[in-house]
Amino acid sequence: MTNATTTVTQEETAGQSQGRLILKRFVTNKASMVSLVLLVAIWVFAISAIGIGPIPGWWHHDYRTPSASIVEGGRPTVSLIPEWLGGAGIYLGEHPFGQNRIGVDYFAQTMRGVQNSFVVIVLLAGVATVLGTVIGAVAGYYRGWVDAVLMRMTDVFIVIPSIVVGAVVGAMTGGLGVQYLAIFLGLVAWMGIARLVRAEFLSLREREFVEAARVAGASDARIIFKHILPNAMGVVIVAASLIAAAAIILEASLSFLGYGILPPDTSLGLQVSQNQSAFATRPWLFWFPAFFIVVPALLINFIGDGLRDAFDPRQKRFSIRRTKELPENAEQRS
Amino acid sequence: MLSFIVRRILASILTLLVASFIMYVLTAYSDNPLKDLQASNAPNAQLLIGQRIERLDLDVPPPLRWFGWLAGAAGCLTPFTPCDLGTDLNYTPVTQLLPNAAASTVRLVAASTILAIIFGIITGIVSALRQYSAFDLGMTFVSFFLYSLPSFLAAVLLKEFVALGFNNWLSSGDSSIGLIPTLIIALVIGVIMQALVAGSNRKRLITFAIAAAATVGMLYYLDAVDWFQQPGLGAVGLLLLIGGIVFGATAIMAGLNNRRALIGAAIAGVLSYASYFALQGLFDISTVWTIGILGLATLAVCFVVGWILGGNDRGQVIRVTMVVGLLSSLLVVADRYLQAWPAYISSPRINNRPIATVGEQTVGLSGDMWIMGLDTFTHFLLPTISLTLISFAGYTRYARAGLLEVMNQDYIRTARAKGLSERVVITRHAFRNMLIPITTIVAADIGVLLGGALITERVFAISGMGALFAVSLDRVDVNPVMGYFLVIAITAILFNFLADLSYALLDPRVRVK
């Protein structure tokens, strides 16, 4: 009897960890969850279509070699209007996204572009996040001359606009392949995250739990990575999502300018650049890559917004009309 | 304060030095500067290679060559020493290349920054005041979309749809709007207006009806007078618009109850309206300088009028009067530009296709200041829009978040509690405090915009600094790249510095140390 009561009370009052609360807030945010599912779907679809390295994908055309024949003048063969609506029925056809001027299957090219932009996002955002977090954490934790040196270094990189340094780095590494381009770009994209993490560390390092850890004999590295960093994770994750969205745009822009991914490999930005003059005659060569640049970036932005709300729900709680009409409500909310 | 400024300047110079070193070495190692000559089969290729190596010191490794560049560049910072930024591969001094290129870029970036600030802040404020309304959600989506839209895509789309569409429509001869587009435009404007009003359904429905009807009437009128071929505000249109400015500006800045401000604004409006009739003859022979002097004179007159009428709240009345005077006289000038429109579009070089997609001006076009002004306008319209879109989205989000943050503060509640009207609470207490963080963001954004101009200039074939950079980087032409880098780096540092200073000036809680 007593035993059962205790369990019930325990269940009722069982605290939820901060991480669980955040996860719950994120999962209940419809826009972000839908975006996340769609984004993963697009990436899985694109990567499995082309295959990874030596593993072939399920799509039967290659993104480099022209097909033997040009079907329907290179127009997209995909049809989405069913017959009972007066259309031609739902089918993909030989070249669903059409073919480019020399007859290369455009579906394969676009999917290869999506795959490349995925590689850029993961590597660029990964490198930039790790580097920025470590630099910001060290600067904020040690303060003093370490902070001064690291922050001046950050200033140096901020002074050069990312597109400019990206162009130079791209011109140096463009021929090496997408992985090198992404990693080098990551090496020059960490400044924003470093500043945010530093600011967070400057305030967190004064808190009692840091003192407690130090009294318990924890080393500096342990305090930084085991005690303070988990508390600063919100800032890091949100900033990483913003970098990921910016990475799509940066890669596309660089490839558009001719400094990013170079032929025979392909990129969405490169496809837009190659085909913008054919806009009037073959608009699909423009629309498909444009769609796959904008939509993933948009989805990542929505996910980032959901993450921000999940980590910092305070921002959402204000309504001017509510404060005006029901002051006591505003009191509770703020 | 002084020691803060001195230390900041020293730190900035150090930053600039290190950044320029990195940039120099990266550029120099990006490729082979002799590749064009080595690939050429001209008989004197070897000679040219030797000449280039000797004149540009290409046999010195880049990290050492940087010192030579630095010695020349240091001359630019101190007076009385020659400014030497080196030469490009054709031995043209960079100091000759830069000013021309910079002029286009500065015009582009300045115009888009100002537009993005104005529209971004206005949209952000309205979004925040109507939080979670249809307008707010719509703007949130639009700003996310613009975040995700690379500027080259926006530029290509603008070229294909806005420029081609408008030009085709105008040159087709039948430039009437048509029934369906009229209805669509009216519907869109009605929906936007009702979302802005936000209130009971009845109020919104009425607003929607009025806005849509007014739009239909307006478009019908424009059609009837063939406005797009022969645009102009005319005496009546100008009267209505200036009247709107007088009441609108007074209502927002001082409240219509403030009689002195209303009278001051009305006088400024009447003066501008009178100048419309008085100055047409002068306009025909005027230059940019004439307009500038007239503008200053307008401001001076408005200042005096505001001063005389001032009363207890002199500063406010002066502000209202000057804003009304400035906006109204801008309308008068805009009307004069519109008067030049028929002559502009019918000129054989333009041939009824005014919106340009490449270049900075129409080759071979000549005319007075108004024609050339229109020409610049039509060439810079699309690049400016595409560049504005980059920062507009960000500013909207920051302005919205900033105002929401401020509206949550206790002093806003205090202001309301002491009975101030909502207008005063927003414009005097909330708006000003909201601007503080925005200044920092705007200043930090200048660098991004200058970088963004690189893409815009490429798409619209404008030979600005971005084009200079791109061409030089392709040829591994280090000196022009460094010239470009110097200009944008110094601008970025300067604006960051100004941001910090203005932050300290605007917000007394911030102490610089």
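Within every chain, residues take consecutive numbers counted from 1 along the sequence as written. Written order decides the labels, with chains lettered from A and ligands numbered from 1. Given that the model is predicted, a residue must reach a pLDDT of at least 70 before its local features are reported, and side-chain atom pairs must reach 80 or more before they are shown or counted; all residues, however, enter totals for whole chains, interfaces and linings. Just so you know, side-chain values use all the structure's heavy atoms and leave hydrogens and water out.

Chemist: Explain the overall build of chain A to me, please; I cannot follow it from the model alone.
Modeler: A helix here means a DSSP run of H or I that spans at least four residues, while a strand means a run of E at least two residues long, and both kinds are numbered starting from the N terminus. What chain A contains, in helices and strands, is 14 helices and 0 strands. Going from the N terminus to the C terminus, chain A shows its helices and strands as α-α-α-α-α-α-α-α-α-α-α-α-α-α. Relative accessible area decides the class of each residue, using a 1.4 Å probe on protein chains only: under 20% of the type maximum gives buried, over 50% gives exposed, and in between gives partly exposed. When the 334 residues of chain A are sorted by exposure, 49% land in the buried category. In short, Shrake-Rupley with a 1.4 Å probe defines the accessible areas, and a residue's cover is counted only from the protein chains shown. Entry remark: accessible area of chain A is about 16500 Å², with carbon and sulfur atoms responsible for 63%.

Chemist: Which parts of the structure should I look at to understand the interface of chain A and chain B?
Modeler: Often the size quoted for an interface is simply the accessible area lost on bringing the parts together. By the convention used here, residues are in contact when the closest approach between their heavy atoms is within 4.5 Å. Between chain A and chain B, the contact holds 42 residues from the first and 50 residues from the second. When two parts are brought into contact, each loses some accessible area as probed by a 1.4 Å sphere; the total of that loss over both is the buried area. In this assembly, chain A packs against chain B so that about 4200 Å² is buried in total across both faces, 75% of it on carbon and sulfur atoms. For the purposes of these results, a polar contact is taken to be a pair of N or O atoms within 3.5 Å, where, inside protein, one atom must be able to donate a hydrogen and its partner to accept one; residues adjacent in sequence count only when each atom of the pair is a side-chain atom. Viewed at the interface, chain B and chain A are joined by 4 residue pairs in polar contact (both at pLDDT 80 or more). Secondary structure elements with two or more residues in the side of chain A that touches chain B: α5 (144-159), α6 (162-173), α10 (220-257), α11 (268-275), α12 (284-311) and α13 (320-325) of chain A.

Chemist: Looking at this model, I keep getting lost on the pattern of salt bridges. Mind explaining?
Modeler: A pair can form between side chains of opposite charge whenever their charged atoms are brought close. Residues and elements named next belong to chain A. For this analysis, a salt bridge means a side-chain nitrogen from Lys or Arg found within 4 Å of a carboxyl oxygen belonging to Asp or Glu. A full pass over the atoms with the stated rule returns 10 salt bridges over all chains. Arg-308 serves as the salt-bridge partner of Asp-305, at 3.3 Å between the closest nitrogen and oxygen. With Asp-305 and Arg-308 both in helix α12, this residue pair falls 3 residues apart, about one helical turn. A relative accessible area of 29% means that Arg-308 is categorised as partly exposed. Here the salt bridges share partners, and the residues they tie into one network are Arg-143, Arg-205 and Glu-206.

Chemist: What is the right way to look at helix α4 (residues 106-142) of chain A in this model?
Modeler: An α-helical turn contains 3.6 residues, so a residue and the one three or four places further along point in the same direction. In a helix, the anticipated span is given by 1.5 Å times the number of residues less one. Between the first and last C-alpha of α4 of chain A there are 53 Å, a value that for 37 residues agrees with the 54 Å anticipated at 1.5 Å per step. Of all 37 residues in α4 of chain A, 26 are buried; the element is thus mostly enclosed.

Chemist: What's the story with unusual backbone geometry in this structure? I'm lost.
Modeler: Trans peptide bonds make up most of the peptide bonds, and negative phi angles are found at most residues other than glycine. Residue and element names in this part refer to chain B. The phi dihedral of Ala-461 falls on the positive side, at around 50 degrees, and the residue is not glycine. Locating Ala-461 in the fold gives a position in the loop between α17 (422-459) and α18 (465-474). Look at Val-476: it is not a glycine, yet its phi comes out positive at around 55 degrees. As for its position among the elements, Val-476 is in the loop between α18 and α19 (478-506). Its relative accessible area of 2% is what places Val-476 among the buried residues.

Chemist: How should the packing of helix α8 (residues 179-197) of chain B against helix α9 (residues 201-224) of chain B be read in this particular structure?
Modeler: How two helices sit against one another is set out by the angle between their axes and by the gap between those axes. Residues and elements named next belong to chain B. Contact geometry of α8 with α9 gives a least axis separation of 8 Å together with a crossing angle of 145 degrees. Handedness of the crossing formed by α8 with α9: right-handed. Along its contact with α8, which presents Thr-182, Ile-185, Ala-186, Leu-187, Ile-189, Gly-190, Val-191, Met-193, Gln-194 and Val-197, the element α9 presents Lys-203, Arg-204, Thr-207, Phe-208, Ala-211, Ala-212, Thr-215, Val-216 and Leu-219. Gly falls in the polar group here, along with every residue not listed as nonpolar (Ala, Val, Leu, Ile, Met, Phe, Trp, Tyr, Cys, Pro) or charged (Asp, Glu, Lys, Arg). A per-class count over the contact of α8 with α9 returns 12 nonpolar, 5 polar and 2 charged. Inter-axis angles, ranging from 0 to 180 degrees, are taken between N-to-C directions of lines fitted to C-alpha atoms, where helices are fitted over the stretch in contact. Left-handed describes a crossing whose near helix is turned anticlockwise from the far helix by less than a right angle; the clockwise case is right-handed.

Chemist: Where do I start with the nonpolar core in this structure?
Modeler: Side chains that are nonpolar tend, in soluble globular proteins, to be buried together. In this structure, Met-23, Phe-152, Leu-153 and Phe-469 of chain B are the most contacted members of the largest nonpolar core, which totals 133 residues. In this view, Phe-469 of chain B contacts Val-164, Ala-167 and Val-168 of chain A together with Met-23, Leu-454, Val-481 and Tyr-484 of chain B; residues no more than four positions away in its chain are not counted. Residues belong to one nonpolar core when they are buried, are Ala, Val, Leu, Ile, Met, Phe, Trp, Tyr or Cys, and are joined through side-chain atoms within 4.5 Å. Listed in part, the 35 residues of the second largest apolar core include Ile-242, Val-246, Met-369 and Ile-371 of chain B.

Chemist: Is there a simple way to think about the packing of α6 of chain A against helix α7 (residues 178-187) of chain A in this case?
Modeler: Residue and element names in this part refer to chain A. The N-to-C vectors of α6 and α7 enclose an angle of 150 degrees; their axes lie 10 Å apart at closest approach. Looking at the two axes, α6 sits roughly antiparallel to α7. The handedness of the crossing between α6 and α7 comes out as right-handed. Listed contacts from α7 to Gly-166, Val-169, Gly-170 and Thr-173 of α6 are Leu-181, Phe-184 and Leu-185. Broken down by class, the residue content of the contact of α6 with α7 amounts to 4 nonpolar, 3 polar and no charged. Each angle is binned into one of four classes, with values under 35 degrees roughly parallel, values over 145 roughly antiparallel, values of 65 to 115 roughly perpendicular, and all other values oblique.

Chemist: Before we go on, may I ask you to explain the environment of Pro-342 of chain B in this structure?
Modeler: All names here are of chain B. Turning to its location among the elements, Pro-342 is positioned in helix α14 (residues 314-345). Classification of Pro-342 as partly exposed rests on a relative accessible area of 26%. Each C-alpha atom of the pair Pro-342 and Asn-352 lies 9.1 Å from the other, and the pair is 10 residues apart in sequence. Filtering out sequence-adjacent residues up to four positions away, Pro-342 remains in contact with Gln-229, Gln-230 and Pro-231.

Chemist: I keep staring at a nonpolar patch on the surface and nothing clicks. Help me out?
Modeler: Residues and elements named next belong to chain B. Exposure above 30% relative accessible area and no salt bridge define the residues that can form patches, which grow by joining like charges within 9 Å and nonpolar side chains of Val, Leu, Ile, Met, Phe, Trp and Tyr within 5 Å. On the surface, a nonpolar cluster with roughly 650 Å² of combined accessible area is contributed by Leu-179, Ile-180, Leu-183, Ile-184, Val-188, Ile-192 and Val-216. With 6 residues, α8 is the largest single contributor of residues to the nonpolar patch. Relative to the elements of secondary structure, Ile-184 occurs in helix α8.

Chemist: Looking at this structure, how should I read the environment of Ile-53 of chain B?
Modeler: All names here are of chain B. With respect to the helices and strands, Ile-53 occurs in helix α3 (residues 45-55). As a C-alpha pair, Ile-53 and Pro-33 span 20 residues in sequence and 9.4 Å in three-dimensional space. Ignoring sequence-local partners within four residues, the contact set of Ile-53 consists of Leu-34, Leu-58 and Asp-59.

Chemist: Sorry if this is basic, but what is going on with the packing of aromatic side chains here?
Modeler: What characterises a pair of aromatic rings is the spacing of the ring centres plus the angle enclosed by the ring planes. Geometry of aromatic contacts follows a simple scheme: Phe, Tyr and Trp rings, the Trp one being its six-membered ring, pair when their centres are within 6.5 Å, and the pair is stacked under 30 degrees between planes, edge-to-face over 60, tilted otherwise. This model, assessed by the stated rule, comprises 21 aromatic pairs over all chains. A centroid spacing of 5.2 Å and a plane angle of 85 degrees characterise the contact between Tyr-273 of chain B and Phe-277 of chain B, whose relative ring orientation is edge-to-face. With Tyr-273 of chain B and Phe-277 of chain B both in helix α11 (residues 259-278) and 4 residues apart, the pair spans about one turn of that helix. Using a relative accessible area of 18% as the deciding quantity, one classes Tyr-273 of chain B as buried. One aromatic cluster in this structure is built from Phe-302 of chain A together with Phe-141, Phe-144 and Tyr-147 of chain B. The cationic tip of Arg-205 of chain A hangs over the ring face of Tyr-141 of chain A; the distance from NZ or CZ to the ring centre is 5.6 Å. Over the ring of Phe-460 of chain B we find Lys-159 of chain B; its NZ or CZ atom is 5.7 Å from the centre of that ring. Placement of a positive charge over a ring is assigned whenever Lys NZ or Arg CZ falls within 6 Å of the ring centre and within 35 degrees of the normal to the ring plane.

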